[in-house]
Amino acid sequence: MRTEKFQSNLMKLQGNLLNFAYMLTSNRDDAYDLLQDTTLKALDNEDKYAENTNFKGWVFTIMRNIFINNYRRNQRAATVVDTTENLYHLNLSQDSGLEAPEDTFHAGEITDAINEFSDEYRIPFSMHVAGYKYNEIAEHMNLPLGTIKSRIFFARKKLQQRFADYR
């Protein structure tokens, strides 16, 4: 008898669960998949439901947890491990919008452009690219922190202007 009541209560929540699933996924097909997964998990775990607890809250919590677990699984699956020599794929510009290697900037072109900067821009920018922090660069060059930040900013802008035609 308990099983029939449980299933009846679960079926009454299907519309609310679908709305919640759609809110989480923003996709009709994914929402239906989430609803199905939630319904199956609730039915499989009927024995874990305590009689005097909020049934609706229990089922919605199952749905939320399934969504979070699926999201985390998808994020881990989307992680790319670059095993190429010199980490070629990691060093490619991720947001350049350029697909083919011949459409990307050659490292030598960028290095030449940086070397054309005067020392006041080239040194702080090169140190920043090498991984030094702003305050470390300021101490090394014996200049105020704001000056270093400005010079790095202007060096970036000069590079963007120089390579704007490549896009």
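Values in this document were obtained by computation on a predicted structure and should not be read as measured data. (Residues numbered from 1 in each chain as written. Predicted model: local features only at pLDDT ≥ 70, side-chain atom pairs only at ≥ 80, totals over all residues. Heavy atoms only, no water.)

Asks: Before we go on, may I ask you to explain the side chain of Arg-151 in this structure?
Replies: Inspection of the secondary structure assignment puts Arg-151 in helix H9 (residues 145-162). Assessed through its relative accessible area of 18%, Arg-151 is described here as buried. Beyond its immediate stretch of four places on either side in the chain, Arg-151 contacts Glu-120, Tyr-121, Pro-124 and Leu-143. (Helix = DSSP H or I, 4+ residues; strand = E, 2+ residues; numbered from the N terminus. Buried < 20%, exposed > 50% of the residue type's maximum accessible area, 1.4 Å probe, protein only. Contact = heavy atoms within 4.5 Å.)

Asks: I would appreciate a short explanation of the nonpolar core in the present structure.
Replies: Nonpolar side chains tend toward joint burial in soluble globular proteins. Membership of the largest hydrophobic core comes to 18 residues, with the highest contact counts inside it found for Phe-6, Leu-10, Leu-17, Phe-55, Trp-58, Val-59 and Met-63. Looking at this core, the elements with two or more residues in it are helix H1 (2-12), helix H2 (14-25), helix H3 (28-44) and helix H4 (55-77). Considering each element in turn, this core owes the most residues, seven residues, to H4. If we skip the residues at most four places from it in the chain, Leu-17 touches Leu-10, Leu-35, Val-59, Phe-60 and Met-63. Ranked by size, the runner-up nonpolar core spans 14 residues in total, among them Ala-113, Ile-114, Ile-152 and Phe-163. (Core = buried A, V, L, I, M, F, W, Y, C linked by side-chain atoms within 4.5 Å.)

Asks: What should I look at first to understand the pattern of salt bridges in this one?
Replies: Any two side chains of opposite charge can pair, so long as their charged atoms come close to each other. On inspection of all chains with the given rule, the structure shows four salt bridges. Here Lys-5 ties to Glu-51 by a salt bridge, and the two come within 3.9 Å at their closest N and O atoms. Within this pair, whereas Lys-5 is found in helix H1, its partner Glu-51 is found in the loop between H3 and H4, the two being separated by 46 residues in sequence. Here Glu-51 falls in the partly exposed class, since its relative accessible area comes to 45%. With a closest N to O distance of 2.7 Å, Glu-116 and Arg-162 form a salt bridge. Residue Glu-116 is found in the loop between helix H6 (107-115) and helix H7 (119-129), and its partner Arg-162 is found in helix H9; the two are separated by 46 residues along the sequence. On the basis of relative accessible area, Arg-162 is assigned to the partly exposed category, the value being 41%. (Salt bridge = Lys/Arg side-chain N within 4 Å of Asp/Glu carboxyl O.)

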